[in-house]
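Listed here are the chains, written in short residue letters.
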Amino acid sequence: MKTVLLTTLLIVLCNSVIAESYIARVVSIADGDTVTVLDADNRQHKIRLVGIDAPEKNQPFGNVSRMHLGKLVHQRTVTVETNKLDKYKRELGKLILDGKDINLEQVRAGYAWHYKKYMRDQSAIDRENYAQAEDEARENRLGLWRDENPEPPWDFRHQNRATSTATSTQVS
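Along each chain, numbering runs from 1 in the same order as the chain's sequence is written. At least 70 in pLDDT is required for a residue's local features to be given in this predicted model, at least 80 for side-chain atom pairs to be given and counted, and no such filter applies to totals for whole chains, interfaces and linings, which use all residues. To get the side-chain values, take all heavy atoms of the structure and skip hydrogens and water.

Visitor: Hey, could you go over the overall build of the chain for me, with residue numbers and the actual values?
Guide: Helix and strand counts for the chain stand at 5 helices and 8 strands. Think of it in three bands: residues with accessible area under 20% of the maximum for their type are buried, residues over 50% are exposed, and the middle band is partly exposed, with areas taken using a 1.4 Å probe on protein chains only. Residue burial in the chain is summarised as follows: out of 172 residues, 42% are buried. The long-range share in the chain, meaning contacts at least 24 apart out of those at least 6 apart in sequence, stands at 63%. Each accessible area value is a Shrake-Rupley result obtained with a 1.4 Å probe; residue values ignore everything except the protein chains displayed when judging cover. Here the chain has roughly 10,300 Å² of accessible surface; of this, 54% comes from carbon and sulfur atoms. Here a strand is any run of E in DSSP of at least two residues, a helix any run of H or I of at least four, and the numbering for each starts at the N terminus. By definition in these notes, contact holds between two residues if any of their heavy atoms fall within 4.5 Å.

Okay, here's the thing in structure tokens:
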């Protein structure tokens, strides 16, 4: 019994990925999964919402996703829970407003995918909640799930990189 309790405690501690938490005001919405905030010292932080991937700006539902996120948090004071930087030096973080996980709200409303490729950056409970929210949004055809076969942003980015590489090679 002690072993089970100790193992459970160890799993919970290992899945706690929050390294820092701070209060900030959202001052800009770049897209459906990236915001800029100002902390209490007026320092600017670019936050990439962890656990989700929203359509790109020039992709169907990209602007709608951005607008939905803006309605939720623009000019609002949020808690930012962050644990690391991505390759573009943005903080990977979760936004909490009035006790609500805003990243999860984007998925729940159908304006973002649960980004399973990077789910290791989430706690076990967040992984479960985000996956369930995406399933429910799909079933209820919410947001981008109104389309028969919405293109995931990671595929869209990959396709655009391949196209731009081919175009630049032809120009040379």
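There is more to say, and it comes next.
Visitor: How would you explain the environment of Val-50 if you had to name every residue and give the values?
Guide: Tracing the sequence through the fold places Val-50 in the loop between strand 3 (44-49) and strand 4 (52-53). In sequence terms Val-50 and Asp-33 are 17 residues apart; their C-alpha atoms lie 8.1 Å from each other.

Visitor: Before we move on, could you go through the packing of aromatic side chains and cite the residues and values that matter?
Guide: Stacked, edge-to-face and tilted labels apply to pairs of Phe, Tyr and Trp rings (six-membered ring for Trp) whose centres lie within 6.5 Å, assigned for plane angles under 30 degrees, over 60, and everything in between, in that order. Enumeration over the complete set of coordinates arrives at 4 aromatic pairs. Ring centres of Tyr-115 and Trp-154 lie 5.4 Å apart, and the angle between their planes is 10°; on these two criteria the pair is classed as stacked. Of this pair, Tyr-115 sits in the loop between strand 8 (113-114) and helix 4 (124-139) while Trp-154 sits in helix 5 (residues 153-171), and the two are 39 residues apart along the sequence. Exposure remark for Tyr-115: the relative accessible area of 10% places this residue in the buried category. Given the relative accessible area of 30%, Trp-154 is considered partly exposed. One aromatic cluster is present, formed by Trp-113, Tyr-115, Tyr-118, Trp-145 and Trp-154 through successive ring pairs.

Visitor: Any chance you could break down the nonpolar core for me, citing the residues and the numbers?
Guide: Residues belong to one nonpolar core when they are buried, are Ala, Val, Leu, Ile, Met, Phe, Trp, Tyr or Cys, and are joined through side-chain atoms within 4.5 Å. Residues Val-35, Val-37, Ile-47, Val-73, Val-80 and Leu-95 are the most contacted members of the largest nonpolar core, which totals 22 residues. Mapped by element, the contributors of at least two residues to this core are strand 1 (20-31), strand 2 (34-39), strand 3, helix 2 (62-73), strand 5 (77-85), strand 6 (91-97), helix 3 (102-108) and helix 4. With 4 residues, the top contributor of residues to this core is strand 1. Not counting the four nearest positions on each side in its chain, Val-73 is found in contact with Val-26, Ile-29, Val-78, Leu-95, Leu-97 and Ile-102. Formed by 7 residues, the second largest nonpolar core is a distinct cluster that contains Ala-109, Tyr-111, Trp-113 and Leu-144.

Visitor: Residue-level account of unusual backbone geometry, with values.
Guide: A positive phi is found at Gln-75, a non-glycine position, where the angle reads about 65°. For Gln-75, the position within the fold is in the loop between helix 2 and strand 5. Phi is positive for Arg-141, close to 55°, though the residue is something other than glycine. Inspection of the secondary structure assignment puts Arg-141 in the loop between helix 4 and helix 5.

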